[in-house]
Structure formats: C-alpha cells, structure tokens
Protein chains: 2
Amino acid sequence: MQLLFLGTGAGMPSKMRHTSSLALKLLEERGTVWLFDCGEAAQHQILHTSVKLRKIEKIFITHMHGDHIFGLPGLLGSRSFLGGDEAIDLYGPPGLQEYVETVLRLSRTHLTYRINYFEQREGILCEDEGMTVETAELDHAIPCWGYRIQQKPLPPKLLIEKATALGVPKGPLLAKLKNGEDVRLSDGTVVKSSEVTEKGEPGFTVAILGDTRFSEAAIRLSRDADVIVHEATFDAETQKLATDYGHSTFLDAARTASLAGAKNVIFNHISARFLPEDEKRLLGQVKEVHSSAFIARDLMEFEWHHQTREIKKK
Amino acid sequence: MQLLFLGTGAGMPSKMRHTSSLALKLLEERGTVWLFDCGEAAQHQILHTSVKLRKIEKIFITHMHGDHIFGLPGLLGSRSFLGGDEAIDLYGPPGLQEYVETVLRLSRTHLTYRINYFEQREGILCEDEGMTVETAELDHAIPCWGYRIQQKPLPPKLLIEKATALGVPKGPLLAKLKNGEDVRLSDGTVVKSSEVTEKGEPGFTVAILGDTRFSEAAIRLSRDADVIVHEATFDAETQKLATDYGHSTFLDAARTASLAGAKNVIFNHISARFLPEDEKRLLGQVKEVHSSAFIARDLMEFEWHHQTREIKKK
Ligand SMILES: [Zn+2]
Ligand SMILES: [Zn+2]
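Predicted model only: the values in this text are computed from it and were never measured.

A. Seen up close, the overall build of chain A. Helix and strand counts for chain A stand at 12 helices and 19 strands. Its C-alpha atoms put chain A at 75 × 55 × 35 Å along the principal axes. Across the 314 residues in chain A, those meeting the buried criterion constitute 58%. Sequence separation of at least 24 residues holds for 63% of the intrachain contacts in chain A that already meet a minimum separation of 6. For chain A, the exposed surface amounts to about 13,500 Å²; the carbon and sulfur share of it is 52%. Where the 38 positive side-chain charges of chain A centre and where its 43 negative ones centre are 4 Å apart.

B. Inspection of the relation of the copies chain B and chain A at higher detail. Turning chain B through 180° and shifting it by 0.0 Å along the axis lays it on chain A, with an RMSD of 0.1 Å. The relationship between the two copies is best expressed as a two-fold rotation axis. Considering only C-alpha atoms, the residue of chain B closest to the rotation axis is Ala41 of chain B, which sits at 2.8 Å. Most of the interface of chain B is mirrored in chain A, where 100% of its interface residues are also at the interface.

C. Highlighting the interface of chain B and chain A. In this complex, chain B contributes 35 residues to the contact, which on the side of chain A involves 35 residues. The contact between chain B and chain A buries some 2,900 Å² in all, and 68% of this surface belongs to carbon and sulfur atoms. Contact with chain A buries surface across chain B, with Met12, Glu40 and Phe70 of chain B losing the most and accounting together for 21% of the total. Summed over the shared surface of chain B and chain A, the result is two salt bridges. Arg105 of chain B is the partner of Glu98 of chain A in a salt bridge, and the nearest nitrogen-oxygen pair spans 2.8 Å.

D. Looking closely at the packing of helix α4 (residues 72-81) of chain B against helix α5 (residues 96-106) of chain B. All names here are of chain B. Axis separation between α4 and α5 bottoms out at 10 Å; the angle between their running directions is 60°. One finds that α4 runs oblique with respect to α5. With respect to the hand of their crossing, α4 and α5 are arranged in right-handed fashion. Residues Leu72, Pro73 and Leu76 of α4 form the contact with α5, whose own contacting residues are Leu96, Tyr99, Val100, Val103 and Leu104. Class assignment of the residues belonging to the contact of α4 with α5 gives a composition of eight nonpolar, no polar and no charged.

E. Main features of the coordination of the zinc ion (ligand 1). Residues and elements named next belong to chain A. Looking at the metal site, the zinc ion (ligand 1) is ligated by His63 (NE2), His65 (ND1), His140 (NE2) and Asp211 (OD), spaced 2.2 to 2.7 Å from it. Motif for the zinc ion (ligand 1), donor spacing along one chain: H-x1-H-x74-H-x70-D. Pair noted here: His63 is in the loop between β4 (56-60) and α3 (66-69) and His140 is in the loop between β8 (131-137) and β9 (145-151), with a separation of 77 residues, a long-range link. In this structure, His63 and His140 share a single accessibility class: buried.

F. Region of the structure containing the nonpolar core. Counting 60 residues, the largest nonpolar core has Ile59, Leu72 and Tyr99 of chain A together with Ile59, Leu72 and Tyr99 of chain B as the members making the most contacts within it. Leu72 of chain B has contacts with Cys38, Ile59, Ile61, Leu90, Leu96, Tyr99 and Val100 of chain B, leaving out every residue within four places of it along the chain.

G. Representation of the coordination of the zinc ion (ligand 2). Residues and elements named next belong to chain B. Only His63 (NE2), His65 (ND1) and Asp211 (OD) from the protein coordinate the zinc ion (ligand 2), and they sit 2.2 to 2.6 Å from it. Counting along the primary sequence, the residues that act as donors to the zinc ion (ligand 2) give the motif H-x1-H-x145-D. On the basis of relative accessible area, His63 is assigned to the buried category, the value being 0%. Its relative accessible area of 17% is what places His65 among the buried residues.

H. Focus on the side chain of Arg148 of chain A. All names here are of chain A. Within the secondary structure, Arg148 is located in strand β9. The side chain of Arg148 sits in the buried core without any salt bridge; Glu134 is the nearest counter-charge, 4.3 Å away. Side-chain polar atoms of Arg148 contact the backbone oxygen of Leu221, separated by 2.8 Å. The contact partners of Arg148, leaving out residues within four places of it in the chain, are Thr132, Val133, Glu134, Thr205, Val206, Ala207, Arg220, Leu221, Ser222 and Arg223.

I. Highlighting the UniProt feature "active site" (unreviewed entry) in chain A. Residues and elements named next belong to chain A. Taking the UniProt record as the reference, the feature "active site" (unreviewed entry) is found at Asp67. Summarising the element assignment, Asp67 is placed in helix α3. Look past the residues within four positions of Asp67 in its chain and what remains in contact with it is Ala10, Gly11, Thr19, Ser20, Gly39 and His269. At 3.3 Å, the side chain of Asp67 and the side chain of His68 are in polar contact.

Calculation notes
- Residues numbered from 1 in each chain as written.
- Chains lettered and ligands numbered in written order.
- Predicted model: local features only at pLDDT ≥ 70, side-chain atom pairs only at ≥ 80, totals over all residues.
- Heavy atoms only, no water.
- Helix = DSSP H or I, 4+ residues; strand = E, 2+ residues; numbered from the N terminus.
- Buried < 20%, exposed > 50% of the residue type's maximum accessible area, 1.4 Å probe, protein only.
- Contact = heavy atoms within 4.5 Å.
- Areas by Shrake-Rupley, 256 points an atom, 1.4 Å probe, with all protein chains shown as cover.
- Lys, Arg positive; Asp, Glu negative; His and termini not counted.
- Charge placed at Lys NZ, Arg CZ, Asp CG, Glu CD.
- Least-squares fit on C-alpha atoms with pLDDT ≥ 70 in both.
- Buried area = accessible area lost by both parts, 1.4 Å probe.
- Salt bridge = Lys/Arg side-chain N within 4 Å of Asp/Glu carboxyl O.
- Axes fitted to C-alpha atoms, helices over the stretch in contact; angles between N-to-C directions.
- Parallel < 35°, antiparallel > 145°, perpendicular 65-115°, else oblique.
- Left-handed = near helix turned anticlockwise from the far one by under 90°.
- Nonpolar A, V, L, I, M, F, W, Y, C, P; charged D, E, K, R; others polar.
- Donors = N, O, S within 2.8 Å, 3.2 Å for Na, K, Ca; no water.
- Core = buried A, V, L, I, M, F, W, Y, C linked by side-chain atoms within 4.5 Å.
- Polar contact = N/O pair within 3.5 Å; in protein donor to acceptor, adjacent residues only side chain to side chain.
- UniProt positions renumbered as here; feature names shortened; annotations may be inferred.

Have a look at this one:
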C-alpha cells in the first residue's frame, strides 16, 4: 500500500500545490488504485506518476467544494479515452451524481464504462473480502466526510513443510487446510488446520479525512490507525481563521492523531501561505503532541511496510 | 496585443500540452485580457504567466467539449477568491450557462462578481468603441464556433505643431480638432480637423477558430486577418481521422489561411502524437501553401507590433 499525494493545497491551486487529490495505491493488495477527492488537474498530476487511469477502481469524495471535485469530469473522460472499460465506484455526498451526470451530458462525454454511484452515509460504506471502508461526518462548513480504510487480516499462512511431515500429499487437501478446514488423510489420520497454519498478519488501517475542524468523528475514524491523513489548513497564529472557516490547525490534526492512538499523521490541505521554509517551524508546533508527523507535498509518496508496520517516505 | 497560449493540446492533457485555452492580452488596448476556451488547469497555467485573473474581462467558448470548458468553474472561483469584483462576460453555445450555474451551485461557489451570459449566434457578437467580435459556426462533431476579433482604427493623431503654427491655443479646441471637428479661432480663422490630424492606423484583426474540419466559415472569419489561430489536430498521414472526427490537418489550416489572405497562421489543438521533433516535418508539409506558419506550444506568446503589422514570438 502506498499513499501518493497528487494535490495537497487548500482552496485554490498555487505554483507549489495542486488542489486536493490522493491516490491510495493497492496494486499489491488488489491490483487497483483508489482515489480520495479529485481537485482540478488531478489527471495532470497523474501523468507524472506511474498510476494508470484504468486501474482506478473507486473514487471517494469527501465533500462538494470545488477544490475537491473539479478534476473529476476530466479524469473520468480521459479514463474512457484511454480504454478504461471496467465500472468505477463513486462514493460521495448528495449532489455528486447530479454534478457528474450534468457535466458529462453537457460536455458530450460518453464513457466506455459504467459509474456506480453510492451516496455517503454513516457506518460501513463498502466491504469485500479484502477491505472495509467506514465513514463518519466531520465538522466543516458544508457536509464533509472522513474515511477509515481497513485491510482485513491476511489469509493464514500454510506451513507446508509441517504438513508434508504429517503426511499430507500435494493437492486439494493443502488448500482445504489453508482455508481453515481439518482434513482426513487416506490412512485415516486427521490433520487439523491449526496444526499446519499460522494466523495471517493483521492488515493496515488508514484514515483519510476531509476538511474539518477538530472533531470527535475524526478521532473515532482514526482509532489505532497506522496512518491518518488530516487537513491542516492553518497554524497556531491563524487558529481563528480555522474555527471560522471550518478547518484545522496543525495542532488540531496532531491532537486528533494522538488521542486516537494513530501511529503516524500526515498533514494535508496546506494553505498557500506556508512555504517549504516554514515546515520545520510547523512541525515544531506539534512535536510534543505527536512525534511521527509529516507535511505532505505534491507527488510525495508514503509506503506502508507490512513487516515493520511502519510508513516511510519513498 | 499578445496571444498567450495556455493550452495547445487536443482531447486530453499530455505531459507536453494542456487542453485548450488561449489568452488574448489587450492590456495596452483596454487594460484587460480575453480568454478563448478554458480547458482544465487553465488557471494553473496562468500561475506561470503575468496574467491576473481579475483582469479577465470576457471569456469566449468555442464549443462544449470537455477539453474546452473543464477549467472554467475553477478559474471563475479563483477569480472571486482573489478579489475580482468586476462582472465578466461569458460567450458560448447553448448549455454553457446551465453548465456554469449547475457546477457553481453544487460546489457552493459564491462569486463576488456577476456573470453576463451571451448565447452564441452568427454575426456581430459584441462591439464597443475599441473592438468588434464576429462569429460564425464551423464544421465540427458538435456545434462549434470561430471568432473574428477586429480592433477599430486607432484615433486620429493630432499634429500639434501644425495646429500651434495655425494659431490654435492650448485647451479644448485641440481636443475638438482631434475628434474630427473643425473649429473657429477667436480671430475668426477656421481651422479644419483634416488640416491638423493624421488618420489613425488601422487596428489588428485576429481570427481564433474552434475545432473544425476545413470550412468556408473559417475562411470568411479569417479574411485578410493579421493572424489566425486554427486547429491542426492531425497531419497528412492521419487525414481520414480528421474527417471522421471533425478536425483539420495542418494542411487544411494552412489552406484556410492562404485562401483567406491571412498574414500568419498559428497551428493549435495539436494531438499528443506529435512531438517537438516532428515540427519541422509538419511545417514542411504546408510550406508551399503558407509560409508564415507557427506551431503553438503551451505558454508560447506571440506579440503583434502595430508599426510593422507583424507578429513575433516573444
Ligand atoms: Zn473545503
Ligand atoms: Zn472538440
């Protein structure tokens, strides 16, 4: 799993930061990519990465502000143009379907694939064998949502040498044992699955949060996460603006991560007022609250390592 | 007057070319900028130029394909965010107003200025003391329009030494003479305007054409123009694609310029299949049809010089 930041700015693009878009790369896990928000020129940013538009399986929109959705029609159109033919699942607030359908209709964009629309709601939003996505409403100027993405425990590992030693022949019996079934060998011996398997490792948990003030819901979604991505539009000096406009400071984001027991926090949705030379100071403001904190930049990628259960900047 | 190309690609963005958008800089002429089409990330491109969003006075859309309009909502929103408060005139095909209003409404974008919508029609689209804009429908897959922008002749020049020699005192009489009125001096002498003025130089004529097959209307709009901007999505080898999809080849564009007696032609809306190293070959294909031809690239700027009546790459 990798988190690839396509746009990390707030409100409008600057020379340094595009507006919000984040790719959750799940190529090893399921061969696909999930997108969180799609600000204008997200598809332009993707041109500078190895992400293929046709690999995008699901798009999650946090809220309807333009800096989070204006890149969606173009990206959908280009995905079609480039031969994408598998359906895409689109999750977001009420109004999203009207937005997409109106724009595609008026711009005569005919997609080669289907869009499955799912309207935002509290709780489990989608779930399959590999992943669960849970949502909760945050505290922004307009309805805005956060996502908790949880990978299910990996399948049990078959200890093949142990099974062979117990006399299990190659073939379907091994698969049954791996899947948790006990089996009887031709000589009558019963081999228990638990004897020849090792429990699968737990999966990762990532929380990707939309625009929000400091919020209980954000803490809930971030509980024990390996990494959370939290907006930090303002800093200590501009705290009042954060409150007025429904945003967070770096400190709000760090407190959320800390209270949730999240291992890492990545600050995102950064105001254009902050320059690279401010990053040291900004991280200093939160060091005592959460020590494993990063400020996202456009095209920065973080990789989660299953063995160490740590994230590293690539 | 300068023509600043923001996006020169066709269909979808590539690493080298953004989708369609062109700024006609009229800062010396009227202190404003006009925009022709507004593909996705036009506002991002503007960040790399000296153009100020609040200086944009009019936006002309050639047609409703996404690669010509998907940057519009973001640009309008940012213009507001940056304190633009003067109304903007928006010209385009039916559907444009519905597009803009729906997207602004659903994205909760509240503009600090008014948009005046003008629906596309044949003939004079707008006219004031300085400029006339005329339109005609081209020949594309969907309704698509071209624009002929004509600067009116500059005001007559007052030959001030000649007027003084004839006894005209400093003050309002000079202004009258400049404006074409004859005046009577205090000693009864009549001084004719024509004696002390020189006719103003003719203005420039630019044709900016949307997507089109080779078209009579394009020739009409380009008649005797100083420069025309014509799409050239395909080349001689891909002529059939041009016909099928409603586009032109470099040769079609050059023929249009030549038949119209236009002095310069700039090829625009270039397919991503063409690379910088192909430009020499592509210009070679048209050399005999029109010798003053340029291939636009993103952020390329052409300046029109009033004295020489020539355009030059800046
Ligand atoms: Zn927002
Ligand atoms: Zn088109």
